[in-house]
Every structure is written in structure tokens, then in C-alpha cells.
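Residue-level structural notes
What follows is the residue order along each chain.
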Amino acid sequence: MGVERRRFIQLGLAGTAAYLAGCTDAPTAALEESPAEKLPQGPLVLSTWDHGLPANERAWEVMRAGGSVLDAVEQGVMVVESDLSNRSVGLGGLPDRDGHVTLDACIQDHDGRAGSVAFLQRFEHPISIARAVMERTPHVMLAGAGAERWALENGFSTRDVQIPEVQAAWQKWLERGEYKPVANIENHDTIGMVAMDAQGRLAGSCTTSGMAYKVHGRVGDSPIIGAGLFVDGEAGAACATGVGELVIRVAGSHTVVELMRQGRSPAEACKEAVLRIQRKHKDLKDMQVGFLAIRADGAYGGYALRDGFSYAVHTAQGNELVPSAFG
Ligand code: SD4
């Protein structure tokens, strides 16, 4: 069954009329509404944390100007990658315990095509390299020195950034050298973005400098398709933020998408992924994980392990920061 036909069947008459009218009059879906009450939002952009607001703005502009939803999720998160005041995404991020800023990113389209880079140093836009891996190689994921060499050979250039405040924070951390993943650092972490265009096509992106003061070489969930991000145009799209090890252990974003495929609402699917994390770990003190999701019919939602996670939602009605449900 085609996407359009399936959407009309799920929506019923009123929803179909709203969708045909470009959805501008469709009410914004509340987080906990039952799936049957939700209407499609396309175009729709969701992204993690407050830095999601400018990222969503850019993604929306890209789609409005005729760009694809894949262009939108790439260019949206690039805004945050370029923000050197951001301490958890891009070259302004906090370093690992050896003082190196190492970056992870991935991108996936409606048809499941995917690209990813992990443990990458000195490139401003890992998300664009991830997209290039998807489009120009037969592979999904490149890592470390090989990824850097491939990027240089394919037209990307390095950028050296020294930020005194970051150096000072690292020096201070070295005094005790104690590694402790901290929830909700400065209230903005990794940016994960999922989006739907007016035709119902989905895409997602995720980019991060990862957990501060991690072991050199550590890779989190953010570049791992199925963990930090998963998109399947038939079922939905999901992304994650927070302590990557927790997300990887339950294949978090894939879990969310599969639960939506089975009929759960986005918020319920995100909640179930959080519950699985809770069931598998004894001590989650101070740790945070947040999931965001869009179902193939345009319903959306999120859920987090604890209070403090917020996400940005851009619909035809505007762009706003929403506190996530949690528990
Ligand atoms: C990671 N999920 O590397 C990322 C970072 C993050 O809160 O979101 N930190 O584990």
C-alpha cells in the first residue's frame, strides 16, 4: 500500500482534508494524545534541546525553499555544529580525557539509506561527511584516521580551533580525573533531528562531540544507525540524546521505530525504550536519555529518563521548545 493511501486510511475524512489542505489548519498534536486523535503535521521538524530551535529554523527554511527533507536535516544541525559556544556538538565541544575533541555523526533518509562517521577530529561538519559517505561510498560508516583521510580526499578541509575556556575546563577536570557522565549538561547536549516534509517523507540526523572526558577512542550512540538515529519511511523516525552506552544497549532508536510500526504512539514508543533502559540498569542516578519520534502518519512525541529534557518542535504553527514527558 502506498504511503499516501495508507495516510488517508489512518486519518479518516477530517484528517485527510487537513492533509490535502497542506495541514496548515491541523491542530498541533499534544504529547500524550492517543494515536487516533493525532493529525499529521508535515512539514514537521523535531530536534533535541534548546539548540534545536535555531536548527529547526534552518531546516524549515531549507524545505520552504524547495530543498529535500534530507537537505533540511543536514543543514539544520550544521547550525549547531558551527556554534563554537556549544560544548556538546562540533569543534566547540568538550574534549576527551586526552584533550582531543572527537566527533560522531550520522544521517538517514526515508528509504533507509544511511551514512555515518565516528571518532573524527578537526572537521567542522561531520554531518556533511556522513552524508557524503552515504552518497559516495558503498559503505555506511567510516571511523577515525580512515574517515579523516577519506574526508580530505573528498573535498572537506580541517579546521583548528582552540578555545581557552574549553582548555581550562579540561585542565580543571584533570586535577581529579574522575569520569562521570552527567545528565543535562548545561541543558543542551547532542543534537538529534527528525523531520517530515509535506509529502510525508522522513529523514533524520544526529551529531555530537560525545560525552565529555570520555576515553580517547570511545564512540557513543550518535553515529550508530539504530541507536542514536533510525529512519524507516514505512514506520517512522527516531533519535536519541543522553548517555550513549544506555541507548546502544537497547538499540534505542530502532526500538522506538519498531514499536511505532506495531501501533504505539510516538510518546508511548519512546517511553517503552526508556523503560527497557530502566529494566536493564540498576543505577541510573544522574544519567539522562531522551528520545524523539515521528510516526509515518505525522504524529510525534518524546520521552526521557528524567526531568530536564526538552525538544524543539517546528510545525506550520511555529517553532517552540517543549518540555519532554519523563519517568
Ligand atoms: C553520546 N549521546 O556520545 C551522546 C552524547 C550526549 O548527553 O547526548 N550526551 O553518548
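Note: the structure precedes this text.
Let's shift gears to empty space enclosed by the protein. Following the criterion strictly, the structure yields 1 cavity of 30 Å³ or more and no others. Its boundaries defined by the atoms lining it, the largest cavity holds a volume of some 150 Å³. Taken together, the residues of the lining of the largest cavity sort by class into 4 nonpolar, 8 polar and 5 charged.

Below, the discussion takes up the layout of surface pockets. Space inside the largest pocket adds up to approximately 290 Å³. Along the walls of the largest pocket sit 16 residues, with Gly99, Val101, Arg122, Val161 and Gln162 positioned nearest its centre.

Reading across from one edge, β7-β8-β9-β10 is the order of the 4 strands in this open sheet, with antiparallel pairing throughout. At either end of the open sheet lies a strand with only one pairing partner, and these are β7 (229-232) and β10 (300-304). For this sheet, the mean angle separating the axes of adjacent strands, direction not counted, is 10°. The pairing of strand β8 (residues 236-242) with strand β9 (residues 289-295) spans 7 bridges and is antiparallel. Considered in β9, the bridge of Gly242 is made with Val289. Sitting on the sheet, helix α8 (residues 252-261) is in contact with β7, β8 and β9, with an inclination near 145° to β8.

What follows is about the side chain of Ser205. Mapped onto the secondary structure, Ser205 falls in strand β6 (residues 202-208). One polar contact links the side chain of Ser205 to the main-chain carbonyl oxygen of Val73, over a distance of 2.8 Å.

Once that is clear, we can look at the packing of helix α2 (residues 52-64) against helix α3 (residues 69-81). Packing of α2 against α3 leaves a shortest axis separation of 7 Å and a crossing angle of 150°. With respect to α3, the axis of α2 lies roughly antiparallel. When you trace α2 past α3, the crossing you get is right-handed. Contact with α2, carried on its side by Pro54, Ala55, Arg58, Ala59, Val62 and Met63, involves Val69, Asp71, Ala72, Gln75, Gly76, Val79 and Val80 of α3 and no other residues of that element. Taken together, the residues of the contact of α2 with α3 break down into 9 nonpolar, 2 polar and 2 charged.

What counts and what doesn't
Residue numbers restart at each chain and count upward from 1, following the sequence in its written direction. Given that the model is predicted, a residue must reach a pLDDT of at least 70 before its local features are reported, and side-chain atom pairs must reach 80 or more before they are shown or counted; all residues, however, enter totals for whole chains, interfaces and linings. Side-chain measures here rest on the full set of heavy atoms in the structure, leaving out hydrogens and waters. Only protein atoms enter the 1 Å grid used here, on which a cavity is any set of points holding a 1.4 Å probe that cannot leave and a pocket is any open set flanked by protein within 12 Å on both sides along at least five of seven lines; residues with an atom within 4 Å of a point are listed as lining. Grid points are joined across faces, edges and corners, and a volume is the space filled by probe spheres set on the points. In this classification, Asp, Glu, Lys and Arg are treated as charged, Ala, Val, Leu, Ile, Met, Phe, Trp, Tyr, Cys and Pro as nonpolar, and every other residue, Gly included, as polar. Being paired, for any two strands, means DSSP has found at least two bridges between them. Counting from the N terminus, the helices are DSSP H or I runs at least four residues long and the strands are E runs at least two residues long. Orientation is described by lines fitted to C-alpha atoms, with helices fitted over the stretch in contact, and by angles between N-to-C directions that extend from 0 to 180 degrees. Contacts are residue-level and defined by heavy atoms, with any inter-residue pair within 4.5 Å sufficient. Polar contact is the term for a pair of N or O atoms within 3.5 Å; when the atoms are in protein, one must be able to donate a hydrogen and the other to accept it, and sequence-neighboring residues count only if both atoms are side-chain atoms. For this classification, under 35 degrees means roughly parallel, over 145 means roughly antiparallel, 65 to 115 means roughly perpendicular, and everything else is oblique. Two helices that cross are described as forming a left-handed crossing if the nearer one is turned anticlockwise from the farther one by less than a right angle, and a right-handed crossing if clockwise.

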